[in-house]
Amino acid sequence: MPDAIIIGAGPNGLAAAIHLIRQNLSVTVYEKEASVGGGTRTRELTLPGFRHDVCSAIHPMARSSPFLQSLPLEDYGLDWIQPEIPVAHPLDNQPAGALYRSLDRTADHLGEDGETYRRAIAPFLGSWDKLLPDILAPFSLRPGHPLLMARFGLQALRSAGGFARRFKTPKARALFAGLAAHGILPFDKMATAAIGLVLGIGAHTVGWPYPKGGSHRITKAMAAYFESLGGTIITGTTVASPDELPAAGALLFNTTPRQILDMAGEELPRGYARKLRRFEYGCGVFKLDLALSEPVPWTDERCRKAGTVHVGGTFEEIAASEDDTAHGRHPERPYVLVAQQSLFDESRAPDGKHTCWAYCHVPNGSTRDMSEPILNQIERFAPGFRDCIIGRHSMNTEAMHAYNPNYIGGDINGGKQDITQLFTRPAGLFNPYRIPGTHYYICSSSTPPGGGVHGMCGYHAAESALKQLSAGGG
């Protein structure tokens, strides 16, 4: 009989499992699919020999995660690749914007906005390892570094639109828009500057790397390390109810509120269940994977050296695209996230061939095929791109949800990440991980700090469970 059971072997579930077993508890993980991974699986989606990341692709948050950094994952096959340029942002009839590892080089590249950018980013670079644990944590009245957190908060709580107005040039404004759009929220919302700042700082501290061989290398390494400590992973097993599982001191759900209600709704306190039913899911994504005969023929050389390319044009264009999706509309010119891992990882495609990973944001539950708008946006900045395509695979929000039940309506973040749900997700403020009156916990991205491959939701949920287990209570 294990001390703890975890449902779901994605990054957060495995992080929780590792943290618990390192405290000398016995832990068993159940996974519905035949392999671990969640949002970090890699498959031949288009043609034989072309290896595509099904969901998550580029991993600045995994590389900087305080918990994942504490694990010896490199000993279990994880090898990070750093592109020459973390991210580039093409523009019409002018040089592309670029975020370099060097702050000085980035500031020089941004010209008259360079000093403004430096003032926004530089104060946090030397203390990022101190600040990040507070950022990637549940709400606290006593953060570990309150003055540093307050200084960061003064900028992060601004809207992306308000933050971008400090820049004078289209290049700097567009570059920040591409970063902020990772939050999948309209730019006039409070705190939408936060994700842009976090990703920008990350580029200058840990870069925007990705694992050699595919994103599945992250969770495969985590699983191997967990099993080396004596943990058990049972794959190919669907859990419909906690009653199907052995008794355990703690049961952790690496799922969103909707699945918890389906599995254990009758066992939850009535008021808590009501809060879970009110939990809001965000916009979805439409995903396109392409097998290419050659690299994407970007007009700007910087884009040919970048692991990630933000395609969407000016700040105003991207803001309009994000506003459209938030209000149930499909943008004609969507903001497109492009990753080109094969430029620096020869294992992703046959010799001389390449992969292209791309997605855009769409309304939750959308079934519209956005292949053409995505291809049009890339072709706009890479003429001749369509001629390079030799294979394709697409996934709308229904396909994303079928692949991973946590992606409700195609929402890859486990729930809307606006200011009303950022710290209170899914149903509480001071301990969002424990389900009151039970020995149940939530360790998915539906808890703080939300979406991304960082494992911190699982770590904090395990911390909550440890407190109750050590106290002898459920």
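These figures come from a predicted structure and were not determined experimentally.

A. Expanded view of the pairing of strand β7 (residues 94-99). Pairing geometry for strand β6 (residues 85-91) and β7, over 4 bridges, is antiparallel. Bridged to Val-87 within β7 is Leu-99. Between β6 and β7, which pair antiparallel in sequence order, lie 2 residues; one of them, Asn-93, sits at a positive phi of approximately 60°.

B. Molecular detail of the packing of helix α5 (residues 114-125) against helix α10 (residues 193-205). Between α5 and α10, the shortest axis-to-axis distance is 10 Å and the interhelical angle comes to 65°. In terms of axis orientation, α5 runs roughly perpendicular to α10. Crossing of α5 over α10 shows right-handed handedness. Of the residues in α10, those in contact with Tyr-117, Ala-120, Ile-121, Phe-124 and Leu-125 of α5 are Leu-197, Gly-200, Ile-201, His-204 and Thr-205. Looking at the contact of α5 with α10 residue by residue, the classes come out as 7 nonpolar, 3 polar and no charged.

C. Summary view of the pattern of salt bridges. Taken as a whole and judged by the stated rule, the model has 19 salt bridges. One salt bridge in this structure joins Glu-84 and Lys-305, with 3.9 Å as the shortest N-O distance. Remark: Lys-305 occurs in the loop between β11 (284-292) and β12 (306-311) and Glu-84 occurs in the loop between β5 (80-81) and β6; sequence separation between them is 221 residues. Since its relative accessible area comes to 27%, Lys-305 is described here as partly exposed. The partner of Glu-346 in a salt bridge is Lys-212, and the shortest N-O contact between them spans 3.9 Å. Here Lys-212 lies in the loop between β8 (210-211) and α11 (216-228) and Glu-346 lies in the loop between β13 (336-339) and β14 (354-362), a separation of 134 residues in the sequence. Several salt bridges share partner residues, and in doing so they unite Asp-92, Glu-317, Arg-333 and Arg-380 into one network.

D. Here's a closer look at the sheet that holds β6. Pairing within the open sheet is mixed, and its 7 strands lie in the order β7-β6-β12-β13-β14-β11-β15. Each edge of the open sheet is held by one strand with a lone partner, namely β7 and β15 (389-395). Strand-to-strand twist in this sheet, taken as the mean axis angle between neighbours without regard to direction, amounts to 20°.

E. Structural view of the state of the cysteines. Inspection of every chain in the model, using the stated rule, returns 0 disulfides. Cys-55 takes part in no disulfide bond, and the closest cysteine sulfur, belonging to Cys-360, lies 14 Å away. Judged by relative accessible area, which is 8%, Cys-55 ranks as buried. For the unlinked cysteine Cys-457, the closest cysteine sulfur is that of Cys-443, found at 8.5 Å.

F. Structural detail: unusual backbone geometry. Pro-426 follows Arg-425 through a cis peptide bond whose omega is -5°. Along the polypeptide, Pro-426 turns up in the loop between α17 (419-422) and β16 (440-442). Going from Pro-448 to Pro-449, the amide bond is cis rather than trans, its omega being 5°. With respect to the element layout, Pro-449 can be found in the loop between β16 and α18 (456-470). Phi at Asn-24 is positive, roughly 65°, even though this residue is not glycine. Mapped onto the secondary structure, Asn-24 falls in the loop between α1 (11-21) and β2 (27-30). Its relative accessible area of 74% is what places Asn-24 among the exposed residues. Positive phi values are uncommon outside glycine, yet Ala-191 reaches one of about 75°. Take Ala-191: it is sitting in the loop between α9 (170-180) and α10.

G. Just the sheet that holds strand β9 (residues 232-234), in detail. In space, the 5 strands of this open sheet follow the order β9-β2-β1-β10-β16, with parallel pairing throughout. Each edge of the sheet is formed by a strand with only one pairing partner; in this case those strands are β9 and β16. Strand-to-strand twist of the sheet, defined as the mean angle between neighbouring strand axes without regard to direction, takes the value 20°. By the bridge criterion, 3 bridges tie β2 to β9 in an arrangement that is parallel. For Tyr-30, the partnering residue across the bridge sits in β9 and is Ile-234. Contacting β1 (4-7), β2, β9 and β10 (250-253), α1 crosses the sheet at an angle of about 170° to β1.

Calculation rules
What you see as residue numbers is a count from 1 along each chain, following the sequence as written. Two thresholds apply to this predicted model, a pLDDT of at least 70 for residue-level local features and 80 or more for giving and counting side-chain atom pairs, whereas whole-chain, interface and lining totals are computed over all residues. Note that water and hydrogens are dropped before the side-chain values are worked out from all heavy atoms of the structure. A pair of strands counts as paired when DSSP detects no fewer than two bridges linking them. Comment: elements are numbered from the N terminus, with helices defined as DSSP H or I runs of at least four residues and strands as E runs of at least two. Between N-to-C directions, angles span 0 to 180 degrees; the directions come from axes that are lines fitted to C-alpha atoms, helices contributing only their stretch in contact. Here the word oblique covers every angle except those under 35 degrees (roughly parallel), over 145 (roughly antiparallel) and from 65 to 115 (roughly perpendicular). In this scheme the handedness of a crossing depends on how the near helix is turned from the far one: anticlockwise by less than a right angle means left-handed, clockwise means right-handed. A contact between two residues is defined here by any heavy atoms of the two lying within 4.5 Å. For this classification, the nonpolar set comprises Ala, Val, Leu, Ile, Met, Phe, Trp, Tyr, Cys and Pro, the charged set comprises Asp, Glu, Lys and Arg, and every other residue, Gly included, is treated as polar. Only one rule defines a salt bridge in this text: a Lys or Arg side-chain nitrogen within 4 Å of an Asp or Glu carboxyl oxygen. For the exposure calls, accessible area comes from a 1.4 Å probe over protein chains only, and a residue counts as buried if that area is under 20% of its type's maximum, exposed if over 50%, partly exposed in between. Count a disulfide wherever a pair of cysteine sulfur atoms falls within 2.5 Å.

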